[in-house]
Amino acid sequence: MRQLVILGATGSIGQSTLKVVAEHPERFAVLALTAQRSVTAMLQLCLRFKPRYAVMSEQAAATQLQHQLQAAGSQTTVLAGTQALCDIAAHPDADVVMAAIVGAAGLLPTLAAVKAAKTVLLANKEALVMAGAFFMQQVKSSGARLLPIDSEHNAIFQCLPASLQQAVCTHQLHAGSLQQQSISKLLLTASGGPFLQTSLHEFPQITPAQAVAHPNWTMGQKISVDSATMMNKGLELIEAHWLFQCPVEQIEVVIHPQSVIHSMVQYQDGSVIAQLGQPDMCTPIAYAMAYPERISTQVPALDFSKLADLSFSSAEPARFPNLYLAIEACRQGQAATTALNAANEVSVAAFLAGLLRFDQIAMVNAEVLEQCAMDKAIELEAILALDQQTRLVAEKIIARRSS
Ligand code: NAD
Ligand code: MG
């Protein structure tokens, strides 16, 4: 029985993880669930999955949850705060940690799991965008095992030879590892989001409700907006760069609106190996949870007789400027991607709050990148400082634009 900690249990990835757990109670026990502040959702999860610990990052939410759990006769111990998140991620009894907090808030708890040599299932792509070099160094030195949850990276992982999969998990890769295995390119597929066909002059009027309505996937709000601007694909390109030690020139983004192919690996002999499936995160989650075995899920098999045409195109820079900002930041290096991630979190939050237009998200991100000092933020303290400093710059730019 593997003891599981789910960081971000009330979110979209957290819920899909718990679906897989519910289907395989003989394999997985829930040691701990965590959330930011959603007490009602957490109460229900605790009563159903009976974790030993529940952690709320906000103290007031933890107090409320504790009262409600006590009243319901639950044995779950409630903890509060960021340090408690880190302690639970590194708990001696934890075997597997699902890192599914959204945004930079996920970095420290995920790093705590890595440093404690856990099997870390990485959904929180922002951790790698913010601190990729430092993060991967910690994977290598701690002996942790890292498995990608993001559907594209999970697909690429599935398309690699077994020896290379082992090297990815423990970060034994170096810059030429993919070429040595005759891999010429990683092909990252993207749906193009809800505005692939929208005329560009309508972009200023796009509302948050329209932007979070993804055509294929059901996800949290932040990643849904990122998918609509294609910043998500930019963050994923940076994520792939670190996970697979692949130069940005060897990663190609391919728009594939049907989301049937989840990504591909191109080999030097002309072969392309792809992973296909329904757009349901239970598949990559189950794969990573049971790796190297495969287990069942409720996800229906693809019915090829009913599949519509699969189409492919490239991403237009004028429609998706955020993707190209991310590619440029990846070329520039760690400090630029730390700053871009922070700017994007602030600008997406402002868009969702009605303070910024959809088309201004990329404008703010670009302006922040131009203004922020780009020294080499490799150590954790410098990364956290740059993240904070960048957020202030982004907030000032947004306040100026909306005044
Ligand atoms: P979500 O918004 O649905 O859930 C986020 C979870 O994190 C919630 O449990 C929330 O309580 C918790 N959280 C939020 N802010 C926090 C904070 N400051 N401190 C502690 N906990 C906090 O997000 P999601 O869609 O599940 O995405 C989670 C991560 O997985 C993101 O990094 C996203 O990019 C990645 N991801 C998601 C999908 C998907 O299909 N949803 C696919 C690939 C990757
Ligand atoms: Mg993805």
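S.K.: Let's hear about the pairing of strand S10 (residues 261-267): which residues, and what values?
M.R.: Residues in a regular strand point their side chains to alternate faces of the sheet. The element S10 is largely enclosed, with a buried count of 6 among its 7 residues. Relative to S10, strand S8 (residues 183-190) runs antiparallel, the two being bridged by 4 bridges. By the bridge assignment, Leu-187 is partnered in S10 with Met-264. Of the pairings in the sheet, the one linking S10 to strand S11 (residues 272-276) comprises 5 bridges and is antiparallel in character. Across the sheet, residue Ile-261 finds its bridge partner in S11, namely Leu-276. What sits between S10 and S11 in their antiparallel hairpin is a turn of 4 residues, with Gly-270 showing a positive phi close to 100°.

S.K.: Requested: an account of the coordination of the magnesium ion (ligand 2), with residues and values cited.
M.R.: Protein ligation of the magnesium ion (ligand 2) involves Asp-150 (OD), Glu-152 (OE) and Glu-236 (OE), the donor distances falling in the range 2.1 to 2.2 Å. All donors of the magnesium ion (ligand 2) belong to a single chain; written as a sequence motif, their spacing is D-x1-E-x83-E. Of this pair, Asp-150 sits in the loop between strand S7 (145-148) and helix H7 (151-158) while Glu-236 sits in helix H12 (residues 231-243); the two residues are 86 residues apart in sequence, bridging distant segments of the chain. When its relative accessible area of 7% is taken as the criterion, Asp-150 is described as buried. A relative accessible area of 1% places Glu-236 in the buried class.

S.K.: Pulling in residues and values, what's your account of the site of ligand 1?
M.R.: Taken together, the neighbourhood of ligand 1 is formed by 23 residues, with Thr-10, Ile-13, Gln-36, Glu-126 and Gly-220 sitting nearest. A distance of 3.1 Å is found between an oxygen atom of ligand 1 and a backbone nitrogen or oxygen belonging to Gly-11. One nitrogen or oxygen atom from the main chain of Ser-12 is found 2.9 Å from an oxygen atom belonging to ligand 1. Against a free-state accessible area of 830 Å², the protein chains account for coverage of 88% of ligand 1.

S.K.: So what's going on with the layout of surface pockets? Which residues, and what values?
M.R.: Of the voids in this model, the second largest pocket is the one considered here, and its volume is about 240 Å³. Gln-275, Thr-283, Arg-294, Thr-297 and Val-299 are, among the 15 residues lining the second largest pocket, the residues nearest its centre. Those elements that place two or more of their residues in the lining of the second largest pocket are S11 and helix H13 (282-290). A per-element tally of the lining of the second largest pocket places H13 first, with 3 residues. Its residues assigned to classes, the lining of the second largest pocket comprises 8 nonpolar, 6 polar and 1 charged.

S.K.: Could you give an account of H7, with specific residues and numbers?
M.R.: Most of H7 sits inside the fold, with 8 of its 8 residues counted as buried. Three or more residues of H7 are buried, namely Ser-151, Glu-152, His-153, Asn-154, Ala-155, Ile-156, Phe-157 and Gln-158.

S.K.: Describe the sheet that holds strand S1 (residues 2-7), listing the residues and the values that go with them.
M.R.: Pairing is parallel in the open sheet, where 7 strands are placed in the order S4-S3-S2-S1-S5-S6-S7. Each having just a single partner strand, strand S4 (77-80) and S7 make up the two edges of the open sheet. Here the average twist between neighbouring strands, direction ignored, is 20°. Relative to strand S5 (residues 96-99), S1 runs parallel, the two sharing 4 bridges. Counted as the bridge partner of Leu-4 is Val-96 from S5.

Reading the values: rules and limits
Residues numbered from 1 in each chain as written. Chains lettered and ligands numbered in written order. Predicted model: local features only at pLDDT ≥ 70, side-chain atom pairs only at ≥ 80, totals over all residues. Heavy atoms only, no water. Buried < 20%, exposed > 50% of the residue type's maximum accessible area, 1.4 Å probe, protein only. Helix = DSSP H or I, 4+ residues; strand = E, 2+ residues; numbered from the N terminus. Pairing = 2+ DSSP bridges. Donors = N, O, S within 2.8 Å, 3.2 Å for Na, K, Ca; no water. Near = heavy atom within 4 Å. Polar contact = N/O pair within 3.5 Å; in protein donor to acceptor, adjacent residues only side chain to side chain. Areas by Shrake-Rupley, 256 points an atom, 1.4 Å probe, with all protein chains shown as cover. 1 Å grid on protein atoms, 1.4 Å probe; cavity = no way out; pocket = protein on both sides within 12 Å on 5 of 7 lines; lining within 4 Å. Points joined across faces, edges and corners; volume = space filled by probe spheres on them. Nonpolar A, V, L, I, M, F, W, Y, C, P; charged D, E, K, R; others polar. Axes fitted to C-alpha atoms, helices over the stretch in contact; angles between N-to-C directions.

Taken by themselves, the reported measurements are silent on function.
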